[in-house]
Amino acid sequence: MIYVTATFRIRPSTIEPFVEAAYVLIDTARRQPGCVYYDLHASVTDPDRLVCMERWSDRASFDAHLASSQVAAFSAAIEPFVVSSNVEIIHPDHIEVI
């Protein structure tokens, strides 16, 4: 089991188009093999910070997700809105940052 947190800092006033693009990906990801949990959360103190929380059965399932056309489409769709992003993969024995 691995956990993934993807943190996004977005440009002010772009939350609506970001969330719209994210929900398309989330809907697809939830049906992918190995996806246990996938959801998007907004900060209650910072309107320009969003965190995607994911849980995958194994790294291979997550890698397949990353290689999917849906992730590529999501990345292209949010590019104009994202100032920075950080992805952490939390393994049982270490944390990996990509």
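All of these numbers come straight from a predicted model, not from anything done at the bench.

Further remarks concern the overall build of the protein. Of regular secondary structure, the protein possesses three helices and five strands. The helix and strand sequence of the protein, counted from the amino end, reads β-α-β-β-α-α-β-β. Here the C-alpha atoms of the protein give a radius of gyration of 13 Å, agreeing with the 13 Å that 2.2 N^0.38 yields for 98 residues. Taking the principal axes of its C-alpha atoms as reference, the protein extends roughly 35 × 25 × 20 Å. Expressed as a percentage of its 98 residues, the buried residues of the protein come to 40%. The long-range share in the protein, meaning contacts at least 24 apart out of those at least 6 apart in sequence, stands at 65%. Total accessible area on the protein is roughly 5,700 Å²; 57% of this is exposed by carbon and sulfur atoms. Across the protein, the mean location of the 7 positive side-chain charges is 2 Å away from that of the 13 negative side-chain charges.

Turning our eyes to something else, we now look at helix α1 (residues 15-29). Think of an α-helix as turning once every 3.6 residues; residues three or four places apart then point the same way. Along its 15 residues, α1 runs 20 Å from first to last C-alpha, staying within 8% of the 21 Å computed at 1.5 Å per residue. Residues of α1 that are buried include every one of F18, V19, A21, A22, L25, I26, T28 and A29, and no others. Among the structural elements, β1 (2-10), β2 (35-42), β3 (49-56), α2 (59-66), α3 (69-78) and β4 (82-90) are those in contact with the buried residues of α1.

What follows deals with a nonpolar patch on the surface. Together, M1, Y3, V36, Y37 and M53 line one region of the surface with nonpolar side chains, adding up to about 450 Å² of accessible area. Here Y37 falls in the partly exposed class, since its relative accessible area comes to 38%.

Let's shift gears to the environment of Y23. Residue placement: Y23 occurs in helix α1. Separated by 17 residues in sequence, Y23 and L40 place their C-alpha atoms 8.3 Å apart.

Right, let's get into the environment of S57. You can see S57 is positioned in the loop between β3 and α2. Residue classification places S57 among the partly exposed positions, given a relative accessible area of 33%. Aside from chain neighbours lying at most four places away, what touches S57 is M1, G34 and V36. Within the structure, the side chain of S57 is placed 3.4 Å from the side chain of S61, a separation counted as a polar contact.

This part covers α3. Among all positions of α3, only V71, F74 and I78 are buried. Down the axis of α3, the buried side of the element spans an arc of 60°, and every buried residue falls inside it. On its buried face, α3 sits against β1, α1, α2 and β4.

Here is what the cut-offs are and how they apply
Residues numbered from 1 in each chain as written. Predicted model: local features only at pLDDT ≥ 70, side-chain atom pairs only at ≥ 80, totals over all residues. Heavy atoms only, no water. Helix = DSSP H or I, 4+ residues; strand = E, 2+ residues; numbered from the N terminus. Rg over C-alpha atoms; globule rule 2.2 N^0.38 Å. Buried < 20%, exposed > 50% of the residue type's maximum accessible area, 1.4 Å probe, protein only. Contact = heavy atoms within 4.5 Å. Areas by Shrake-Rupley, 256 points an atom, 1.4 Å probe, with all protein chains shown as cover. Lys, Arg positive; Asp, Glu negative; His and termini not counted. Charge placed at Lys NZ, Arg CZ, Asp CG, Glu CD. Expected span 1.5 Å × (residues − 1). Patch = residues over 30% accessible without salt bridge, like charges linked within 9 Å, V, L, I, M, F, W, Y side chains within 5 Å. Salt bridge = Lys/Arg side-chain N within 4 Å of Asp/Glu carboxyl O. Polar contact = N/O pair within 3.5 Å; in protein donor to acceptor, adjacent residues only side chain to side chain. Arc of directions from axis to C-beta.

Limitation: the analysis is restricted to geometry and does not speak to function.
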